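Structure at a glance
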Amino acid sequence: MKKEMFILAAALLGMGMTSAQDTHTYSDLIVSEYVEGSSYNKAIEIYNGTGADVDLSAYTLQKQSNGAGEYGNALELSGMLADGLTYVIVVEDCDNSDLRDLADTIASSQAMNFNGNDAVALFKGSEKIDEVGVFGSTADWGKDVTLRRIYGEGPTATYDPSEWTEADKDDFSDLGKFGADVEAPSIRMVTGEASDPNTIMVHVTEPLDSLSAVTVSNYSLNNDATVDSAIYKSDWEYVVLKTSKLTAGTEYTITVNGVTDRAGNAMNNVTYAFTFGYIDVADLAALNDLRDSYVEGQAYRITNPVVVTAVIGKFGSGQNTTNVWVQDQGCETTLGHSMMLYRIEENASNLQVGSVINNLIGQLTVYNDLVEMQYIDEASMEITGETADVTVTTVTVAELLGENGMDYQNALVRIDGVIFAETGSFEENTSYNISDGTSTIVFRTNREGSYLGEAIPTEEVSVIGYIGWYNNQAQILPRVKEDIFTPSANEDARRIEVAVYPNPTDGELNVRAEGRFDLNVYSVNGTLVLAQEGLNAEARIDLSGLSKGVYMVEVKTAEGSAMNKVVVR
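Predicted model only: the values in this text are computed from it and were never measured. (Residues numbered from 1 in each chain as written. Predicted model: local features only at pLDDT ≥ 70, side-chain atom pairs only at ≥ 80, totals over all residues. Heavy atoms only, no water.)

**Topic: the packing of aromatic side chains**
Taken as a whole and assessed by the stated rule, the structure comprises 18 aromatic pairs. Seen in terms of ring centroids, Tyr71 and Phe135 are 5.0 Å apart; in terms of plane orientation they differ by 35°. Their pairing is tilted. Of the two residues, Tyr71 is situated in strand 5 (residues 68–76) and Phe135 in the loop between strand 10 (127–132) and strand 11 (145–149); the sequence distance between them amounts to 64 residues. Since its relative accessible area comes to 16%, Tyr71 is described here as buried. Positioned above the aromatic ring of Phe135, the side-chain terminus of Lys128 is 5.8 Å from the ring centre. (Phe/Tyr/Trp six-rings, centres within 6.5 Å; stacked < 30°, edge-to-face > 60°. Helix = DSSP H or I, 4+ residues; strand = E, 2+ residues; numbered from the N terminus. Buried < 20%, exposed > 50% of the residue type's maximum accessible area, 1.4 Å probe, protein only. Lys NZ or Arg CZ within 6 Å of the ring centre and 35° of its normal.)

Spelled out as structure tokens, the structure:
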């Protein structure tokens, strides 16, 4: 909320409008929100709940760099902050217009360039009055996260994580809102597993008063179902309710009365409809169709079998977890028939490529535009012990980068005739560029592929991998070194033998082929930079006009084509 809206709110309160949160008076200013999001999406919110206007010129915001040294990089604040209002600071390099619109000031100070292991503190003169983050620790305590202060907590000169709640990365929906503007808690979702018909979890939006949260009489269910006991899980902000037996696939409505947050705001007659256990869908294709309409927190069961296409442990994180990719058994194309299963733990060691799974149950989610299934019900998962053929769909880079490219998410695909722009050896969690002569896509390694340490191919190869999604763009991720290969002659009859030398070259290139041929030279991003037609047998090509770098040289004859990587130095 912009500041002028807070001024209006303050005026209305002065006319007799009150809130349960107005009863708390702070001893000094506090840091009320911390945003450490993608790229330069970084912000700090300061709140004045002291009961009087405060001159900000007495305060500085300071940062400890990478968990080492003392506080420094001071950002001097200025202006008057009225009681009950917030002051939002956004880093200068932020290019997110929504976040910049919430700012009261745009700051270039290094104090705002925190990256998840930099403690940030509010100082009054030389006295540290409030702190967010673990001082003197190099651990990523605050990376890719939004932290929001619990109303009534602080200021605290030594960071206390129990005073904060955590929201997703790039969630700044509450930035500029604190104090009287905070609403009573609501139900975010209700979850439950069919394998445990006597338990549901009610997930809420605000930290609750523990006593009211465990009062059974504050909850009721329809359809003659009863609530027998309640346990509040404060670390995760949900209430575990033990109930009478619920039926999977049946819709219920829960009503909450009298449960309050820690500031006394009550949930009165708050209702939430949910389907217990799971909703049946035929296959992964049907589940993918729910991308824009799925119910958050609702479990879905795939009634037809699926086949494992990849098993990757610890992929993309430092956690000891395993992600699994699957496709509908017997699908003719992997397009739209594929899914990633996030965090398989109990059954990871029992799965391999080709394993058949029945009774797959989990929740659908969209993370960074990538559709995936999470919170898998591994107790209900049936690994049949059978193996089945895995479908691989051959595509071009242009298809993956086109308007329908998102449909290939999680699909196992093959791209033929690609050249790597880089040389050297494969390293873990590293992006490389591969081109088929007309378009370029990112080839991303994982942490455990058997290709790690192997030499990057210098010749034209085929690549198999599943399709991920990063920065609004598809990328292909191989599983093992066998996913990077040179097709055999009977597999790819269109390949021809050519000679391209010297390589590297200082500008002059010799090309030899059988009979007449055409030649195209592309940059690593797929841009055509040179074309010659009607060459015969052997030709000398002048590349001296090109900048130093890596290029793809395509030779085309009536019999087929070949692609070679050439370095101009």
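Next comes the rest of the write-up.
**Section: the environment of Tyr300**
Position of Tyr300 relative to the elements: it lies in strand 23 (residues 299–302). Residue class for Tyr300 comes out buried when judged on its relative accessible area of 4%. Spatially, the C-alpha atom of Tyr300 lies 10.0 Å from that of Ala282, the residues being 18 residues apart in sequence. Not counting residues within four places of it along the chain, the set of residues in contact with Tyr300 comprises Tyr278, Ile279, Val281, Leu287, Leu290, Tyr294, Val295, Leu360, Ile361, Gly362, Leu364 and Met373. (Contact = heavy atoms within 4.5 Å.)

**Some details on the pattern of salt bridges**
Working definition: two side chains of opposite charge can pair if their charged atoms are close together. Using the criterion set out here, one finds 16 salt bridges in the structure. With a shortest N-O distance of 3.0 Å, Lys128 and Glu131 are connected by a salt bridge. The exposure class of Lys128 is partly exposed, given its relative accessible area of 25%. For the salt bridge of Asp171 with Arg148, the shortest nitrogen-to-oxygen distance reads 3.0 Å. Of this pair, Asp171 sits in the loop between strand 12 (164–167) and strand 13 (187–191) while Arg148 sits in strand 11; the two residues are 23 residues apart in sequence, bridging distant segments of the chain. Classification of Asp171 by relative accessible area gives partly exposed; the value is 22%. A residue is classified by how much of its surface remains accessible, and Arg148, at 14% relative accessible area, is buried. (Salt bridge = Lys/Arg side-chain N within 4 Å of Asp/Glu carboxyl O.)

**Some words on the side chain of Thr165**
Structurally, Thr165 can be placed in strand 12. Apart from the residues within four sequence positions on either side, Thr165 is in contact with Thr146, Leu147, Arg148, Ile150, Pro207 and Glu237.

**Remarks on the nonpolar core**
Within the largest apolar cluster, 39 residues are counted, with the highest numbers of intra-cluster contacts made by Ile44, Leu77, Ile89, Met112, Leu122 and Val132. Going through the elements one at a time, strand 1 (30–36), strand 2 (42–47), strand 4 (59–65), strand 7 (86–91), strand 9 (120–124), strand 10 and strand 11 are the ones with two or more residues in this core. If near-sequence neighbours (up to four positions away) are discounted, Met112 is found in contact with Lys42, Ala43, Ile44, Leu61, Leu75, Ile89, Val90, Val91 and Ala107. Ranked by size, the runner-up nonpolar core spans 26 residues in total, among them Val190, Leu221, Val239 and Val259. (Core = buried A, V, L, I, M, F, W, Y, C linked by side-chain atoms within 4.5 Å.)

**Notes on the sheet that holds strand 28 (residues 360–367)**
Across a sheet, paired strands are connected by hydrogen bonds in the backbone, their directions being either parallel or antiparallel. An order of 22-23-28-29-26-25-24-27-30 is seen for the nine strands of this open sheet, with the pairing classed as mixed. This sheet does not close on itself; its edge strands, each paired only once, are strand 22 (279–281) and strand 30 (382–387). When the angles between neighbouring strand axes are averaged without regard to direction, this sheet yields 40°. When strand 24 (residues 306–313) meets strand 27 (residues 355–358), the two strands line up antiparallel, connected through two bridges. Directly across from Val307, in strand 27, lies its bridge partner Val356. (Pairing = 2+ DSSP bridges. Axes fitted to C-alpha atoms, helices over the stretch in contact; angles between N-to-C directions.)

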